[in-house]
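# Fold and contact review
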Amino acid sequence: MIYVTDLTEYLICPYKIYLKKIKCLPMPQTPEMLTGTLIHKIYEEVLSRERIIIEQRIQEDMEIDEIFKILYADSKRVIKNVVIRYREKLKDLEVNYLDLIKELQEELKEDELLKSIQIKKYISIYGKNENLYNNLFLMKDMEYQISSNELGLTGKIDKIEYDQDGNLYPVELKTGIFTNGIKKHEKLQVAAYALLLEKEKGIKVPLGFLEYYQVNQRLPFLIKEEDKIEVLEILEKVKELLNTEKEPIKERKNICQRCGYNNICWDSKSKSC
Ligand code: SF4
């Protein structure tokens, strides 16, 4: 099976897939990669817990600051637990884990405050009813594992949201800030998930989202037929690379500076597995 992330990596640099899959060289982790992974885990955990917290711990007569205290205390706990789990790895990469905890806790503050305001507003109009969560935050599946034997493609969707008409939308969680438009590989990733969802559920998935959760930015975009055709074309190219094991041309680009294979590509010879 080919992973959706293999397609996006191929689009960024086919040589990366060659090193990873043909030469079997695990990519050395950079501090940015590790903190990105941690942030991803934290947000997934926070989002997957929020429904229970809202339903079980928020009371109708609570003020915004009380709601905020509950939501934020839980998020802070998640951040601390996740970062501490990776403390040794962070130390190896010379990242101060205590500073990281503080930084991430600060980043989530505004997000939780906004949620608290939304919750209070809803409760003051409708009361705390069973629709509170679904009306304020779309129903979600987190970390949804999906595969198609027909395509030979598999992946894990960060989040699937459902609306009340039965439509569903793949959402890709992103770290950092949205700048310079949606990147080609980001669009390809969400289009690939839409294609997999269409195969599995037998419904059309014409819209997806990129969610920059650290800055609370959310970008919807249409998934067109041509995007899905591109997914299939890249999938074929990746399959061909894996079958032929032919070494792609290596090109030095700006992204090489942030790539974990930088030293392997440009400083020393790669080894075979
Ligand atoms: S260092 Fe550059 S050429 Fe090498 S795998 Fe990374 S992106 Fe590709």
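Residues numbered from 1 in each chain as written. Predicted model: local features only at pLDDT ≥ 70, side-chain atom pairs only at ≥ 80, totals over all residues.

### Describing the domain arrangement of the protein chain
- Split into domains, the protein chain comes out as domain 1 (2-24 + 139-246 + 260-265) and domain 2 (31-136).
- A separation of 26 Å is found between the C-alpha centroids of domain 1 and domain 2.
- Every contact between the two is made by twelve residues of domain 1 and, on the other side, 13 residues of domain 2.
- The dominant element in the side of domain 1 that touches domain 2, judged by the number of residues it contributes, is strand β2 (residues 139-148), at four residues.
- Residue composition of the side of domain 1 that touches domain 2, grouped by class: four nonpolar, four polar and four charged. (Domains from an automatic or database assignment. Contact = placed C-beta atoms within 7 Å. Helix = DSSP H or I, 4+ residues; strand = E, 2+ residues; numbered from the N terminus. Nonpolar A, V, L, I, M, F, W, Y, C, P; charged D, E, K, R; others polar.)

### A closer look at helix α2 (residues 14-22)
- The complete set of buried residues in α2 reads Tyr-15, Lys-16, Ile-17, Tyr-18 and Leu-19.
- Against the buried residues of α2 lie α1 (4-12), α9 (225-244) and α10 (262-266).
- Count one or two residues on from α2 and you reach Cys-24, which has phi positive near 55 degrees. (Buried ≥ 20, exposed ≤ 12 C-beta atoms within 10 Å, placed from the backbone.)

### Notes on unusual backbone geometry
- Notably, Glu-94 is not glycine yet its phi reads approximately 60 degrees, a positive angle.
- If you trace the backbone, Glu-94 turns up in the loop between α5 (87-92) and α6 (97-126).
- Even without glycine at this site, Glu-245 takes up a positive phi of about 55 degrees.
- You can see Glu-245 is positioned in the loop between α9 and α10.
- According to the C-beta neighbour criterion, Glu-245 is exposed, with 10 such atoms within 10 Å.

### What about the site of the ligand?
- All residues adjacent to the ligand are Cys-13, Tyr-15, Lys-16, Leu-19, Lys-250, Ile-255, Cys-256, Cys-259, Tyr-261, Asn-262 and Cys-265.
- Counting residues per element, the ones that place at least two in the shell around the ligand are α2 and α10.
- It is α2 that provides the largest number of residues to the shell around the ligand, a total of three residues.
- Of the residues assigned to the shell around the ligand, the class counts are eight nonpolar, one polar and two charged. (Near = placed C-beta within 6 Å.)

### Focus on the nonpolar core
- Counting residues in each nonpolar core, the largest one holds 35 residues, and the members touching the most others are Leu-7 and Ala-192.
- Mapped by element, the contributors of at least two residues to this core are α1, α2, β3 (153-162), β4 (168-174), α8 (184-201) and α9.
- In terms of residue count, the dominant contributor to this core is α8 (nine residues).
- Apart from the residues within four sequence positions on either side, Leu-7 is in contact with Leu-188, Ala-192, Val-231, Ile-234, Leu-235 and Val-238.
- Of all hydrophobic cores here, the second largest spans 15 residues; its members include Ile-39, Tyr-43, Val-78 and Leu-100. (Core = buried A, V, L, I, M, F, W, Y, C linked by C-beta atoms within 7 Å.)

### Here's the deal with the packing of α1 against α9
- For the pair α1 and α9, the least separation of the axes is 10 Å and the interaxial angle reads 85 degrees. In this view, α1 runs roughly perpendicular relative to α9, as classed from their interaxial angle. When α1 is examined against α9, the residues Asp-6, Leu-7, Tyr-10 and Leu-11 are found in contact with a partner set consisting of Val-231, Ile-234, Leu-235, Lys-237 and Val-238. (Axes fitted to C-alpha atoms, helices over the stretch in contact; angles between N-to-C directions. Parallel < 35°, antiparallel > 145°, perpendicular 65-115°, else oblique.)

### Quick word on the pairing of β3
- Bridge analysis of strand β1 (residues 2-3) against β3 gives two bridges, and the strand direction is parallel. Across the sheet, Tyr-3 pairs through a bridge with Thr-154, a residue of β3.
- Pairing geometry for β3 and β4, over four bridges, is antiparallel. If you follow Ile-160 over to β4, its bridge partner there is Pro-170.
- Once β3 ends, the chain turns through five residues before running back antiparallel as β4, passing Gly-166 with a positive phi of about 85 degrees. (Pairing = 2+ DSSP bridges.)

### Some thoughts on the packing of helix α4 (residues 64-85) against α6
- It is at 8 Å that the axes of α4 and α6 come closest, and there the two elements cross at 150 degrees. Our classification of the angle between α4 and α6 gives roughly antiparallel. Crossing of α4 against α6: the hand is right-handed.
- Classifying every residue of the contact of α4 with α6 by side-chain character gives 15 nonpolar, three polar and six charged. (Left-handed = near helix turned anticlockwise from the far one by under 90°.)

### Concerning the pairing of strand β6 (residues 217-222)
- Taken across its six residues, β6 has zero buried, putting it largely on the surface.
- Both strand β5 (residues 207-212) and β6 contribute to a ladder of six bridges, which runs antiparallel. Residue pairing in the sheet places Phe-209 in a bridge with Pro-220 of β6.

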